[in-house]
Amino acid sequence: MKTYDIAVIKGDGIGPEIVDEAIKILDVVSKKENFNLNYKEYLMGGCAYEATGNPIPDETIEGCKKSDAILFGSIGGYKWDNLPRELKPESGLLKLRKELGLFANLRPVAVFDELIEASSMKPEVIKGVDLLVVRELTGGIYFGEPRVNDGQKAYNTMVYSKDEIIRIAKVAFESAMKRDKKVCSVDKANVLEVSRLWRATVEEVALDYPRVELSHMFVDNAAMQLVRDPRQFDVILTGNIFGDILSDEASMMSGSIGLLPSSSIGGIVGLYEPIHGSAPDIAGQGIANPIATILSASMMLRYSLGKTKAADMIDSAIKEVLSEGYRTADLAKYHAKVVCSTQEMGDIIVEKIKKA
Ligand code: IPM
Ligand code: MG
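Residues numbered from 1 in each chain as written. Chains lettered and ligands numbered in written order. Predicted model: local features only at pLDDT ≥ 70, side-chain atom pairs only at ≥ 80, totals over all residues. Heavy atoms only, no water.

Visitor: Outline empty space enclosed by the protein, listing residues and values.
Guide: Throughout the structure, instances matching the rule amount to 1 cavity of 30 Å³ or more. If you add up the space inside the largest cavity, you get close to 100 Å³. M158, Y160, W198, G239 and F242 are the residues nearest the centre of the largest cavity, which is lined by 14 residues in total. Put simply, the parts of the chain that give the lining of the largest cavity at least two residues each are β8 (182-187), α7 (193-206) and α9 (240-251). Classifying every residue of the lining of the largest cavity by side-chain character gives 8 nonpolar, 5 polar and 1 charged. (1 Å grid on protein atoms, 1.4 Å probe; cavity = no way out; pocket = protein on both sides within 12 Å on 5 of 7 lines; lining within 4 Å. Points joined across faces, edges and corners; volume = space filled by probe spheres on them. Helix = DSSP H or I, 4+ residues; strand = E, 2+ residues; numbered from the N terminus. Nonpolar A, V, L, I, M, F, W, Y, C, P; charged D, E, K, R; others polar.)

Visitor: Which residues make up the sheet that holds β8, and what are the values?
Guide: Sheet strands pair by backbone hydrogen bonding; their relative direction is either parallel or antiparallel. Pairing is mixed in the open sheet, where 10 strands are placed in the order β2-β1-β3-β12-β11-β4-β5-β10-β8-β9. On the outer flanks of this sheet lie β2 (36-41) and β9 (213-218), each paired with one strand and no other. Taken pair by pair, the neighbouring strands of this sheet meet at an average axis angle of 25°, ignoring direction. Across 3 bridges, the pairing between strand β4 (residues 104-110) and strand β11 (residues 261-265) is antiparallel. If you follow A104 over to β11, its bridge partner there is I265. (Pairing = 2+ DSSP bridges. Axes fitted to C-alpha atoms, helices over the stretch in contact; angles between N-to-C directions.)

Visitor: If you had to explain the domain arrangement of the protein chain to someone new, which residues and values would you point to?
Guide: Domain assignment breaks the protein chain into domain 1 (1-102 + 257-356) and domain 2 (120-254). The gap between the C-alpha centroids of domain 1 and domain 2 is 25 Å. The contact between domain 1 and domain 2 buries some 1100 Å² in all, and 65% of this surface belongs to carbon and sulfur atoms. On the surface where domain 1 and domain 2 come into contact, there are 0 salt bridges. Here domain 1 is connected to domain 2 by 1 residue pair in polar contact (both at pLDDT 80 or more). Ranked by residue count, the leading element in the side of domain 1 that touches domain 2 is helix α4 (residues 89-100), at 3 residues. Its residues assigned to classes, the side of domain 1 that touches domain 2 comprises 6 nonpolar, 2 polar and 3 charged. (Domains from an automatic or database assignment. Buried area = accessible area lost by both parts, 1.4 Å probe. Salt bridge = Lys/Arg side-chain N within 4 Å of Asp/Glu carboxyl O. Polar contact = N/O pair within 3.5 Å; in protein donor to acceptor, adjacent residues only side chain to side chain.)

Visitor: How would you sum up the pattern of salt bridges? Please name residues and give values.
Guide: Taken as a whole and assessed by the stated rule, the structure comprises 19 salt bridges. Between K309 and E33 there is a salt bridge, with the nearest N and O atoms lying 3.8 Å from each other. In this pair, K309 sits in helix α11 (residues 308-323) while E33 sits in the loop between α1 (15-32) and β2, placing the two residues 276 residues apart along the sequence. The class for E33 is partly exposed, based on a relative accessible area of 24%. Here D312 makes a salt bridge to R302, at a shortest N to O gap of 2.9 Å. Here D312, found in helix α11, pairs with R302, found in helix α10 (residues 291-303); they are 10 residues apart in sequence, far enough to count as distant. Overall, D312 belongs to the partly exposed group, its relative accessible area being 38%. Among the charged side chains, a salt-bridge network with shared partners connects K10, D20 and E41. (Buried < 20%, exposed > 50% of the residue type's maximum accessible area, 1.4 Å probe, protein only.)

Visitor: Give me the state of the cysteines: which residues, what numbers.
Guide: Taken as a whole and assessed by the stated rule, the structure comprises 0 disulfides. Cysteine C47 is unpaired, with the sulfur of C64 as its nearest cysteine sulfur at 12 Å. (Disulfide = S-S within 2.5 Å.)

Visitor: So what's going on with the pairing of β2? Which residues, and what values?
Guide: Bridge count between strand β1 (residues 3-11) and β2: 6 bridges; the pairing is parallel. The partner of I6 across the bridge, within β2, is Y39. Handedness of the crossover joining β1 and β2 through α1 is recorded here as right-handed. (Right-handed = clockwise from strand over helix to strand, strands pointing away.)

Here is the structure:
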């Protein structure tokens, strides 16, 4: 039986609770589909800092490099807010993305009909939304040098090389080929040099994809269009910081940030994580929604391990559970028939998969 090594990073806050549920589900589908998952846990984030003084010990980076895929929960917490930048939990994640070369972050946003009223946006605006944010993840202002804060003056640098733009643009066009064949590239080319290079380069890459319709949008307009008429989007291609902001905005269409998975690919091994954070305010209470992490595990099976059938099983079990009215606390107000804890949600999904 084929065995895959999965590096598991539970992290901080609700991370451990939600990752445990994802593992429960992975165990069932792997059994059903006859493959083995060999999990190895690593520290990253605030917990790693507490244990070792480093938010990302070398052992974690090495272990991840040797694995077939990485499943990650969440990191961060108020407790570590005042640490110097290099020691903050977030630095651990940024370093891991960089070290593994994970330059492409895919954040799909789909609206489950059952939860359409859970969104703060109007049902008629969001019905049928199905878009994918392709965010560049290892460049731009997050990593640009120089970066300085001397107490009187502070600055960061937004840099993109042509090669970096080409490779992320290719991911967006390839993704669009499997979807509705539309790419909207988001930049700030009316103001920034880096965006002008971005736009010109995306135009060049587009020549290799004549079947994909390319449009460009300034990021301020994109933020507005996402709430005005989100159905106009298929694939949104954008840089690191714009993608960070727009993907949080887009997540609200699904009704809860607790529903959205993501994958970070393009490097040595893929990393899969929910798009939400560590929610320290509800950590340890057993009320977090594990669905985003379970869907991330499904993306891991699909994209890193090629286990399409196992991934499909998870996705349909989740649809079923939501349509039957099972809800964690974040969604309890919306047609809930049963309000369940983090663990109960995991158990119900397991039952659905077993029966399928
Ligand atoms: C995300 C997060 C991270 C980011 C933080 C935790 C560094 O907001 O994955 O979207 O900004 O990339
Ligand atoms: Mg973010």
